Amino acid sequence: MTTDTTAATATGTRGPVTASAPVGTPTKVTQGAGTKGGIGESTLRPDGTLKVTGEFAYSSDMWHEDMLWGQILRSPVAHARILSIDTGEALATPGVYAVLTYDDLPTAVKNYGLEIQDTPVLAHGRVRHHGEPVAIVAADHPETARRAAAKIKVEYRELPVVTDEASATAPGAPLLHEDRDDHHIGHVSHPNIVHRQPIVRGDVEAARRRADHIVEGEYTFGMQDQAFLGPESGLAVPAEDGGVDLYVATQWLHSDLRQIAPVLGLPEDKVRMTLSGVGGAFGGREDLSMQIHACLLALRTGKPVKIVYNRFESFFGHVHRHPAKLHYEHGATKDGKLTHMKCRIVLDGGAYASASPAVVGNAASLAVGPYVLEDVDIEAIALYSNNPPCGAMRGFGAVQACFAYEAQMDKLADAVGMDRVEFRQLNAMSQGTLMPTGQRVDSPAPVAELLRRVKAMPMPPEQQWLAAGEQADVRQLPGGLSNTTHGEGVVRGVGYAVGIKNVGFSEGFDDYSTARVRMEVVGGEPVATVHTAMAEVGQGGVTVHAQIARTELGVAQVTIQPADTQVGSAGSTSASRQTYVTGGAVKNACELVREQVLEIGRRRFGTYHPAWATAELLLEGGKVVTDGGEVLADLVDVLEDEAVEVEEEWRHRPTEAFDLRTGQGNGHVQYSFAAHRAVVEVDTELGLVKVVELACAQDVGKALNPLSVIGQIQGGTTQGLGIAVMEEIIVDPKTAKVRNPSFTDYLIPTILDTPTIPVDVLELADDHAPYGLRGIGEAPTLSSTPAVLAAIRNATGLDLNRTPVRPEHLTNQS
Amino acid sequence: MRVSFTVNGRPQEADDVWEGESLLYVLRERMGLPGSKNACEQGECGSCTVRLDGVPVCSCLVAAGQVEGRDVVTVEGLADFAEQRAEHGGCASAAPGSCGTSLDAARRWEARPADSQTGGDTALAPIQQAFIDAGAVQCGFCTPGLLVAADEMLERNPTPTDADIREALSGNLCRCTGYEKIMDAVRLAAARQGEAARR
Amino acid sequence: MDFLRPASWEEALAAKAAHPTAVPIAGGTDVMVEINFDHRRPEYLLDLNRIGELGDWEVGEESVRLGASVPYTAIMDHLRGELPGLALASHTVASPQIRNRGGVGGNLGTASPAGDAHPALLAAGAEVEAESVRGSRLIPIDDFYTGVKRNALAPDELIRAVHIKKAAGPQQYSKVGTRNAMVIAVCAFGLALHPDTRTVRTGIGSAAPTPVRARAAEDFLNAALEEGGFWDNGKIITPSVAKQFAELCSGACNPIDDVRGTASYRRHAVGVMARRTLTWTWESYRGTDGTAQQKGRVA
């Protein structure tokens with residue numbers, strides 16, 4: 001069977017959507033260079049057929065004979081003492097099997113958390129944010145469970161809310177967590193600050209005196225939701241051994257397991273987790289949601305329990321992207337060279353820590369952007385507040401910073417009187433540049449080249465809404481189907497931006513993955529089986545793992561096992577890291593399998609041909625061949641009925657923590673770069689925006705699957721567009737309650753809001769990474785937003801310092 | 001209450017249906033057809049799109065009782081539906097649909113070896129094949145609704161412009177792809193459909 | 001909850017009389033959201049889907065009698081000529097899937113100020129045919145909206161149809177949302193020229209507790225058109241007239257700040273839409289001798 005790549009490239013794409021020819025040193029791949037369906041090809045998803053026929057089993061599709069439905073009762077207020085909880089009436093409801101509160105938790109471990117275990121499984125005496133879980137119900141029908149939950153009587157006494165830096169650090173401010181004993185409490189100035197990371201390098205005051213132009217800006221970044229389409233859901237099945245089998249959509253099975261098992265009072269081997277189909281993630285499934293609740297109910301009732309959030313609950317069921325206030329000052333000489341930068345980034349982490357410390361580290365260490373700046377003074381903090389908890393989302397701290405520093409670059413270029421792209425190119429970092437952390441960038445950093453490429457793409461035609469004929473096609477105008485303009489007030493604008501994102505877990509984290517690879521003869525053919533715990537959330541890891549196995553083992557048939565906790569941890573599907581780290585682990589395990597297979601071959605056939613001992617041997621097309629192409633044996637004959645299996649952990653090179661006072665340290669593994677050009681048309685009278693085109697150029701090191709790479713870039717770009725013009729969770733500053741927890745009022749881009757997205761892919765190998773690849777998922781989300789904002793500024797002449805920008809901001813009616 | 005209707009050409013019946021249940025719930029939880037997806041349950045995402053008497057609707061907003069005696073096509077029946085349309089023209093009633101995912105089936109799931117995704121023993125509607133070929137599927141949660149909507153659009157409008165495609169699919173949210181590969185897929189399906197018609 | 005499935009209009013009226021708290025459900029696009037999100041648990045759901053005649057329309061001499069359940073898609077496809085303003089409004093409703101199910105009866109029954117059909121109905125001129133076992137009556141659209149999500153229906157009444165005046169001149173409809181499709185109105189504006197009576201009518205959505213007409217703006221424009229002989233000479237409307245009309249339309253708003261937009265923006269946007277739709281309709285009137293035009297030209 002062959003892969004139909006011709007079909008995929010002949011799909012009438014307009015503009016330069018294809019991967020460009022590699023520039024720079026191509027990665028040397030000898031093994032597998034001739035294997036079909038290996039790395040570098042746009043092989044198709046192995047789960048594609050199941051997904052288009054509706055057979056693919058997502059976590060919300062799970063079903064079990066005799067199963068119950070779980071329902072969570074959540075706090076209607078943001079901050080309150082819980083005076084009492086009465087579950088009597090709920091429990092007496094026919095069809096209800098269990099109603100659990102904090103008092104029913106089985107062990108002394110009653111909290112969980114990614115880094116800091118500060119999140120109660122169920123509220124204990126106090127709720128700290130709107131929507132916090134207070135009680136859980138299991139019943140035989142979701143409506144029964146809902147009605148029962150509504151009958152639980154909770155008496156709240158409301159407390160004052162902390163909603164921003166001023167209220168969090170005011171004298172006498174209520175403390176979100178009075179008894180903090182985490183490892184950050186020693187270096188923060190107030191217990192309502194989760195973590196603080198300064199980065200100080202050079203002499204800012206001296207550098208400031210060299211500046212001919214100084215530009216300051218205060219920027220606001222709204223709270224974004226991941227808005228993955230498959231709501232939180234899963235099924236917990238009690239087992240006869242007293243353990244539980246949990247089928248769930250998550251980003252990291254083993255991280256979940258580490259948090260779940262202690263709360264249940266079970267050893268980790270009695271909590272068996274299997275990844276169900278995941279309907280998108282984008283960071284929102286890095287924290288636990290319904291996992292522990294479903295297990296508690298299943299173990300209490302002895303019945304399988306399914307929990308499926310609806311969209312309303314999903315907005316309360318996962319962390320969001322940190323909203324931020326960012327203050328920046330940059331200087332430049334009259335020749336356009338950056339002199340210095342000072343910035344202060346305040347991220348609102350909400351009620352619980354989640355990933356806030358790591359987000360702070362990212363925001364601080366990437367605050368400078370992809371520019372050469374030797375004199376910097378950076379501070380990033382995350383607050384505890386009564387706002388919704390915030391944590392991981394695609395771009396992870398780097399997104400907020402990029403929005404601000406790219407606005408600053410435009411202002412500086414204007415102040416100096418230079419072209420905005422040239423100004424960036426003049427100051428662009430490159431391989432060898434020192435980051436403000438003192439870390440040397442030791443792989444290609446083609447920042448200037450990406451800008452050049454994105455600028456060189458052809459511009460979309462003007463006034464495309466007239467192309468169809470004499471009458472305006474409103475679908476191509478700002479306002480779209482709403483018929484607000486037929487061209488009146490419409491002004492085009494163009495904007496550029498570029499960003500830098502780290503790849504992988506940083507700051508000394510032991511970031512590893514595990515792969516189990518098996519090779520054997522099945523049905524007369526050599527077959528490789530790859531088993532990892534990698535969460536496939538849509539990114540295409542399963543496709544790439546099969547490609548790697550084909551390349552490394554020279555087989556056509558590869559089976560990808562479901563991800564579960566029966567194999568070692570794969571780490572998280574986040575931080576653009578899975579192809580690098582789990583891909584690296586698969587490659588490594590395949591190499592070890594290959595060595596063993598060749599060893600078997602030498603044992604069996606070594607005496608028949610001297611090349612077994614002298615030549616470099618490869619596995620190609622199901623055979624053992626020499627590097628000269630001579631066939632030595634069929635794999636079928638080498639293996640016979642033997643199976644070779646290897647399970648190995650694989651690590652990228654280690655990183656270091658950032659110094660807590662100076663921020664110095666080799667904190668990151670790899671950097672990733674993307675640049676965007678946005679072309680927008682703005683109805684300047686109504687403040688409505690149509691993004692006409694969002695061109696992207698990105699360096700991916702090596703495109704293991706070009707079709708997937710482009711899909712990731714286009715998807716990330718569109719999420720950046722969403723933050724620019726529409727997406728924001730609106731929290732009432734007086735009550736800290738979420739005002740728009742629905743798809744009616746939290747808007748994500750439709751296909752009519754999304755432009756053509758031509759992509760220019762650059763492949764400059766990073767010699768430290770498997771195949772030279774670079775993590776790609778997040779970088780396009782960074783520069784997309786500031787590019788769109790720059791284009792809107794260009795069209796309107798307005799100084800826009802917040803995102804998302806709404807019609808009232810563009811019409812001076814806010 | 002009891003509700004009876006035709007799904008993918010096969011008479012189906014559900015008992016003890018709570019009056020507030022949606023068609024989506026009945027399909028997913030009572031008829032073993034979880035292909036239609038529950039992403040928003042407020043008509044704002046299109047993931048639950050099915051054809052009700054031939055018309056694309058959000059099944060989350062149809063009360064189960066309203067479907068009594070009517071005809072529903074879901075993504076599970078799309079391939080048969082498209083095949084019969086190609087054979088007979090117009091709307092066709094499909095053969096028995098496949099069943100949903102039991103826990104056992106889910107446990108047994110594994111990605112198929114090699115490139116069996118391009119067809120093999122599974123007959124696909126042209127729009128389904130085009131989504132796979134063009135890379136329009138990532139997490140796949142929006143895919144069933146998009147397929148039903150796109151298939152119906154191509155039935156009405158075999159040669160859509162880009163703006164036509166965007167308008168027809170403006171009720172279907174996708175969070176992964178940025179829609180570009182979905183545009184490619186629909187163009188591809190239209191082109192293949194055109195070629196097939198000329199042959 | 002009980003699910004009532006009347007097979008005929010008479011049965012439906014009888015059911016509504018027997019259970020005045022019963023919630024009618026047709027397209028389901030409002031009711032089911034409230035049920036799915038646990039906002040509402042009516043004692044009775046009254047399904048109107050089995051009553052085929054609610055999906056019919058009749059084009060008469062003066063008006064169109066539009067069945068309460070005629071889906072928006074059908075209005076767009078079949079009634080663009082007779083009801084151009086409503087057809088444009090229908091095209092802005094939610095998504096294709098929703099337009100396939102929802103109809104004007106639901107919009108009227110819910111009576112949300114954000115309902116997309118209201119400004120078009122107000123501008124065109126319409127009467128709501130309400131019926132109960134006690135009999136049938138026609139409620140002028142101007143008297144129909146009585147408060148936020150409240151209307152003039154009696155508890156035992158159902159909406160049978162809407163009688164909408166056939167367009168004698170150009171009509172336009174414009175709606176602001178913060179997305180280019182599938183969006184609830186931040187505010188909306190409908191405008192209809194009635195050359196037969198030499199009047200204009202307006203409708204404003206989402207900018208007051210109920211859908212409203214901008215009566216002062218209509219009076220001003222009617223007078224200005226009359227005085228200048230515009231209906232006969234077909235001259236371009238002067239910018240100062242258009243500007244004052246727009247300002248009076250803004251002034252007719254009584255909006256609030258909410259998550260969808262600020263009150264100040266709503267007033268502003270209604271003014272812009274009023275000016276633009278006036279330009280589009282008037283240009284159409286001048287250019288086509290009063291024939292309705294579906295899409296405006298680029299001004």
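Residues numbered from 1 in each chain as written. Chains lettered and ligands numbered in written order. Predicted model: local features only at pLDDT ≥ 70, side-chain atom pairs only at ≥ 80, totals over all residues. Heavy atoms only, no water.

**Focus: the overall build of chain B**
Here comes step 1: A tally of regular secondary structure across chain B gives seven helices and five strands.
Here comes step 2: Taken from N to C terminus, the helices and strands of chain B fall in the order β-β-α-β-β-β-α-α-α-α-α-α.
Here comes step 3: Looking at chain B as a whole, 69% of its 199 residues are labelled buried.
Here comes step 4: Within chain B, contacts between residues separated by at least 24 positions form 57% of all contacts whose residues are at least 6 apart in sequence.
Here comes step 5: Surface accessibility of chain B: about 6,100 Å² in total, with carbon and sulfur atoms responsible for 48%. (Helix = DSSP H or I, 4+ residues; strand = E, 2+ residues; numbered from the N terminus. Buried < 20%, exposed > 50% of the residue type's maximum accessible area, 1.4 Å probe, protein only. Contact = heavy atoms within 4.5 Å. Areas by Shrake-Rupley, 256 points an atom, 1.4 Å probe, with all protein chains shown as cover.)

**Considerations on the overall build of chain C**
Here comes step 1: Regarding its fold elements, chain C presents 12 helices and 13 strands.
Here comes step 2: Relative to the 2.2 N^0.38 estimate, which gives 19 Å for 299 residues, the radius of gyration of chain C is 19 Å and therefore close to what a compact globule would have.
Here comes step 3: Each principal axis of the C-alpha distribution contributes one length, and for chain C these read about 60 × 45 × 30 Å.
Here comes step 4: A burial count over chain C gives 61% of its 299 residues as buried.
Here comes step 5: In chain C, once contacts between residues fewer than 6 apart in sequence are set aside, the share between residues at least 24 apart is 62%. (Rg over C-alpha atoms; globule rule 2.2 N^0.38 Å.)

**Regarding the confidence of the model for chain B**
Residue and element names in this part refer to chain B.
Here comes step 1: Mean pLDDT over chain B: 87, with 83% of residues reaching 70 or higher.
Here comes step 2: In the predicted structure, residues 90–103 sits below a pLDDT of 50 and forms 45 contacts with residues beyond four places in sequence or in another chain.
Here comes step 3: Per-residue pLDDT stays below 50 along residues 105–120; that stretch engages in 45 contacts with residues further than four places along the chain or on separate chains. (pLDDT = per-residue confidence, 0-100.)

**As for the domain arrangement of chain C**
Here comes step 1: Here the domain parsing of chain C yields domain 1 (1–49) and domain 2 (171–288).
Here comes step 2: Measuring from the centre of the C-alpha atoms in domain 1 of chain C to the corresponding centre in domain 2 of chain C gives 36 Å. (Domains from an automatic or database assignment.)

**Digging into unusual backbone geometry**
Here comes step 1: Residue Pro804 of chain A is bonded to the preceding Thr803 of chain A through a cis peptide linkage, with omega at 0°.
Here comes step 2: Locating Pro804 of chain A in the fold gives a position in the loop between strand 31 (802–803) and helix 20 (807–810).
Here comes step 3: We note that Met182 of chain C has phi near 45°; this positive angle belongs to a residue other than glycine.
Here comes step 4: Relative to the helices and strands, Met182 of chain C resides in the loop between strand 11 (171–176) and strand 12 (187–194).

**Regarding helix 1 (residues 23–30) of chain B**
Residues and elements named next belong to chain B.
Here comes step 1: Among the eight residues that make up helix 1, seven are buried, leaving the element largely enclosed by the rest of the structure.
Here comes step 2: Where helix 1 is concerned, the buried positions are Leu23, Leu24, Tyr25, Val26, Leu27, Arg28 and Glu29.
Here comes step 3: Of the residues trailing helix 1, Gly32 is marked for its positive phi of about 65°.

**Focus: the confidence of the model for chain C**
Keep in mind that low pLDDT regions are not for reading the predicted coordinates in detail.
All names here are of chain C.
Here comes step 1: Across chain C, the average pLDDT comes to 95, with 96% of residues at 70 or higher.
Here comes step 2: Counting interchain partners and residues more than four positions distant, the pLDDT-below-50 stretch residues 289–299 has 38 contacts.
Here comes step 3: Reported confidences for the modelled complex are a pTM of 0.94 and an ipTM of 0.95.

**Observations regarding the interface of chain C and chain A**
Here comes step 1: In this complex, chain C contributes 41 residues to the contact, which on the side of chain A involves 47 residues.
Here comes step 2: The contact between chain C and chain A buries some 3,800 Å² in all, and 50% of this surface belongs to carbon and sulfur atoms.
Here comes step 3: Where chain C meets chain A, there are six salt bridges.
Here comes step 4: One salt bridge connects Asp683 of chain A with Arg276 of chain C, and the closest N-O pair in it is separated by 2.6 Å. (Buried area = accessible area lost by both parts, 1.4 Å probe. Salt bridge = Lys/Arg side-chain N within 4 Å of Asp/Glu carboxyl O.)

**Quick notes on the sheet that holds strand 24 (residues 617–620) of chain A**
All names here are of chain A.
Here comes step 1: With respect to topology, three strands assemble into an open sheet ordered 24-25-26, the strand pairing being antiparallel. Sheet topology places strand 24 and strand 26 (631–634) at the edges, where each strand pairs with a single neighbour. Across the sheet, the mean angle from the axis of one strand to that of its neighbour is 25°, orientation sign disregarded.
Here comes step 2: When strand 24 meets strand 25 (residues 623–626), the two strands line up antiparallel, connected through four bridges. Residue pairing in the sheet places Leu619 in a bridge with Val624 of strand 25. (Pairing = 2+ DSSP bridges. Axes fitted to C-alpha atoms, helices over the stretch in contact; angles between N-to-C directions.)

**Observations concerning the sheet that holds strand 2 (residues 80–86) of chain A**
Strands belonging to one sheet form pairs held by backbone hydrogen bonds; the direction of such a pair is parallel or antiparallel.
All names here are of chain A.
Here comes step 1: In space, the three strands of this open sheet follow the order 6-2-8, with antiparallel pairing throughout. Looking along the sheet, the strands with just one partner apiece sit at the ends: strand 6 (126–127) and strand 8 (153–158).
Here comes step 2: One ladder, built from six bridges, connects strand 2 with strand 8; its direction is antiparallel. Counted as the bridge partner of Asp86 is Lys153 from strand 8.

**Let's talk about the pairing of strand 4 (residues 55–58) of chain B**
Remember that side chains alternate between the two faces of the sheet whenever the strand is regular.
All names here are of chain B.
Here comes step 1: Inspection of the sheet shows strand 3 (residues 49–52) paired to strand 4 by four bridges, in the antiparallel sense. In the sheet register, Leu52 faces strand 4, and the bridge partner there is Val55.
Here comes step 2: In textbook terms, the turn of a hairpin is the stretch between consecutive antiparallel strands, and for strand 3 and strand 4 this stretch comprises two residues, one of which, Asp53, has a positive phi near 50°.

**Quick look at the nonpolar core**
Residues and elements named next belong to chain A.
Here comes step 1: In this structure, Tyr328, Met341, Ile345, Val725, Val788 and Ile792 are the most contacted members of the largest nonpolar core, which totals 102 residues.
Here comes step 2: The biggest single contributor to this core is helix 11 (residues 398–416), with 12 residues.
Here comes step 3: Not counting residues up to four positions away in its chain, the partners in contact with Ile345 are Lys325, Leu326, Tyr328, Ala363, Ala367, Glu379, Ala380, Ile381 and Ala401.
Here comes step 4: In terms of nonpolar packing, the next biggest core, distinct from the first, is built from 90 residues, Ala138, Val248, Val555 and Val558 among them. (Core = buried A, V, L, I, M, F, W, Y, C linked by side-chain atoms within 4.5 Å.)

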